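# Structure at a glance
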Amino acid sequence: MSFGSRLLLAWACNVAAIWVAARLLDGIDYESFWHLVIAGLVFGIVNWLVKPVVTLLALPVIVLTLGVALFFVNLLMLYVTSWLAPGFRIDGFGDAVLGTLVIWVVNLVLRAVFDVDGRRRRRDRER
């Protein structure tokens, strides 16, 4: 799978994950399908550009909490997405926490099913 197709698939996974979170939780919402697509794009860009910097800065706390602080880094990335993406909103902290969990689970499943990260291909090459 080429880099471009992996990127598009990752974007589609983000859109699907945000859609599921919005369907399950009343406090996460988007105005239209296009706002959802833009939120998925913004979420992917935020995770690609901002998350590594925040993770590096939070590394001592992440180590001290044995990785639990990574959840709060992901939560922050969802909030940043809601601040940057027009038409996408999160009503409260509880909704953001549950939304982060839902988005993480949906992305985990979809990325594994569609092998977005190419792990299956690398594993087959190593054999």
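So, a few notes on the structure that sits alongside this text. (Residues numbered from 1 in each chain as written. Predicted model: local features only at pLDDT ≥ 70, side-chain atom pairs only at ≥ 80, totals over all residues. Heavy atoms only, no water.)

### Looking at helix α4 (residues 69–84)
Cut-off, in case you're wondering: Labels follow the DSSP assignment, with helices taken as runs of H or I lasting at least four residues and strands as runs of E lasting at least two, numbered in each case from the N terminus. A helix is expected to span 1.5 Å for every residue after the first. Relative accessibility under 20% of the residue-type maximum defines a buried residue, over 50% an exposed one, and the middle range a partly exposed one, all with a 1.4 Å probe and only protein chains included. In this description, contact between two residues means that some pair of their heavy atoms is separated by no more than 4.5 Å.
In a regular helix each residue adds 1.5 Å, so 16 residues correspond to 22 Å; α4 covers 23 Å between its end C-alpha atoms and thus fits that length. For α4, the full list of buried residues reads Ala69, Val73, Leu75, Met77, Leu78, Tyr79, Val80, Thr81 and Ser82. Contact partners of the buried residues in α4: α2 (33–57), α3 (59–64), β2 (88–90) and α5 (93–113).

### Focus on α2
Rule in force here: The quantity called bend is, for any residue, the angle between two axes fitted respectively to the seven residues ending at it and the seven beginning at it.
Given a rise of 1.5 Å per residue, 25 residues ought to cover 36 Å, and the 35 Å separating the end C-alpha atoms of α2 matches this to within 8%. Taken as a whole, α2 carries its principal kink of about 45° at valine 50; the proline proline 52 stands between one and four residues after it. Regarding α2, the residues found buried are Leu36, Val37, Ala39, Gly40, Val42, Phe43, Val46 and Thr55. Next to the buried residues of α2 lie α1 (3–24), β1 (28–30), α3, α4, β2 and α5.

### Details of unusual backbone geometry
Positive phi outside glycine occurs at leucine 66, with the angle close to 55°. Position of leucine 66 among the secondary structure elements: in the loop between α3 and α4. Overall, leucine 66 belongs to the exposed group, its relative accessible area being 79%. The phi torsion at aspartate 115 lies on the positive side, around 50°, for a residue other than glycine. Relative to the assigned elements, aspartate 115 resides in the loop between α5 and α6 (119–126).

### Notes on the pattern of salt bridges
A side chain with one charge may pair with a side chain of the opposite charge, provided their charged atoms come close. Short version of the rule: A pair is scored as a salt bridge if a Lys or Arg side-chain nitrogen falls within 4 Å of a carboxyl oxygen belonging to Asp or Glu.
Under the defined criterion, the tally for this structure stands at two salt bridges. We note a salt bridge from arginine 89 to aspartate 29, for which the minimum N-O separation is 3.4 Å. Here arginine 89, found in strand β2, pairs with aspartate 29, found in strand β1; they are 60 residues apart in sequence, far enough to count as distant. A relative accessible area of 29% means that aspartate 29 is categorised as partly exposed. Ionic pairing is found between arginine 89 and aspartate 91, a salt bridge with its closest N-O pair at 2.3 Å. Judged by its relative accessible area of 37%, arginine 89 is partly exposed. Of the residues examined, aspartate 91 reaches a relative accessible area of 53% and is grouped as exposed.

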